Amino acid sequence: MSTIVVNGQQRKFKASPDTPLLYVLRNELGIMGVKFGCGLAQCGACSVLLGDEEVRACVTPISALDGKPVTTVDGLPQRWASQKGKLSADTLHPVQQAWIDEQVPQCGICQFGMMIKVTELLEANPKPTDQDIREALTTSGPSPHLCRCGSYAAILEGAHRAAKLMMQGDSA
Ligand code: FES
Ligand code: FES
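Since this is a predicted model, take the numbers as computed values, not measurements.

K.L.:
Looking at this structure, I do not really get the domain arrangement of the chain. What am I missing?
P.N.:
The figure often quoted for interface size is the accessible area lost as the parts come together. Considered domain by domain, the chain is made up of domain 1 (2-72) and domain 2 (75-171). Here the C-alpha centroids of domain 1 and domain 2 sit 19 Å apart. Contact with domain 1, which involves 22 residues of that partner, is made by 18 residues of domain 2. Listing elements by their share of the side of domain 1 that touches domain 2, those giving two or more residues are strand E3 (47-50) and strand E4 (53-56).

Structural data, given as structure tokens:
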């Protein structure tokens, strides 16, 4: 048995060190807020935060975690709560709330990775421009984050709304 920290909890798993993180999260730990799209680091559906950095879980072997904690979209409320100095999460993460407010998802399959990427962006850049958001979702990773439903305009609006909600949360 080995252990990893996922969404603030220490979890045990049996998989060998070369197993992709995606398979451990979904198949062993039952964390379904991380999706299998291409399996080749080409779409972003499987994105998670490793520490503060977005990685593609489909091509990240467990051995590469280097002790860093993993956050999936399921863990965003707890991540936001701990950033606000709270022990438990009583609200959604602002990025999740913004996605609801702006009705961003269509089929939804890509949106888990989109929210992770936007969270990474906003933690580093609280007031991004349209261009910053576009670059984050297209050129800053191994491939663009793809949405086959074409929800890109809504994603842009969602990211701006999330930035505002995060700033309101910071001043609350
Ligand atoms: S499933 Fe990992 S990038 Fe597509
Ligand atoms: S909402 Fe369907 S793939 Fe993006």
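K.L.:
Please clarify how the pairing of strand E2 (residues 9-13) should be interpreted in this entry.
P.N.:
Both faces of the sheet carry side chains from a regular strand, because those side chains alternate between them. Counting buried positions along E2 gives zero out of five residues, so the element sits mostly on the surface. The sheet contact formed by strand E1 (residues 2-6) and E2 spans five bridges and is antiparallel. Each bridged residue has a counterpart across the sheet, and for Val 6 the counterpart in E2 is Gln 9. Here E1 folds back onto E2 in antiparallel fashion, the turn holding two residues, of which Asn 7 has a positive phi close to 50°.

K.L.:
Any chance you could explain the nonpolar core here in plain terms?
P.N.:
Looking at soluble globular proteins, one finds that nonpolar side chains tend to be buried together. With 43 residues, the main nonpolar core has Ala 57 and Ala 162 as its most contacted residues. Sorting the residues of this core by element identifies helix H1 (21-28), E3, helix H2 (76-83), helix H3 (94-101), helix H4 (111-124), helix H5 (130-138) and helix H6 (152-171) as the ones contributing at least two each. Beyond its immediate stretch of four places on either side in the chain, Ala 57 contacts Pro 20, Leu 21, Leu 22, Leu 25, Val 34, Cys 46 and Val 48.

K.L.:
What is the right way to look at the packing of H3 against H4 in this model?
P.N.:
Packed helix pairs are characterised by how far apart their axes lie and by the angle those axes make with each other. Relative orientation of the contacting elements H3 and H4 amounts to 125°, with a least axis distance of 9 Å. Judged on the interaxial angle alone, H4 and H3 are oblique. Relative to H4, the crossing made by H3 is right-handed. Within the contact between the two elements, H3 uses Val 95, Gln 96 and Trp 99 and H4 uses Gln 111, Met 115, Val 118, Thr 119 and Leu 122.

Rules behind the numbers
- Residues numbered from 1 in each chain as written.
- Chains lettered and ligands numbered in written order.
- Predicted model: local features only at pLDDT ≥ 70, side-chain atom pairs only at ≥ 80, totals over all residues.
- Domains from an automatic or database assignment.
- Contact = placed C-beta atoms within 7 Å.
- Helix = DSSP H or I, 4+ residues; strand = E, 2+ residues; numbered from the N terminus.
- Buried ≥ 20, exposed ≤ 12 C-beta atoms within 10 Å, placed from the backbone.
- Pairing = 2+ DSSP bridges.
- Core = buried A, V, L, I, M, F, W, Y, C linked by C-beta atoms within 7 Å.
- Axes fitted to C-alpha atoms, helices over the stretch in contact; angles between N-to-C directions.
- Parallel < 35°, antiparallel > 145°, perpendicular 65-115°, else oblique.
- Left-handed = near helix turned anticlockwise from the far one by under 90°.

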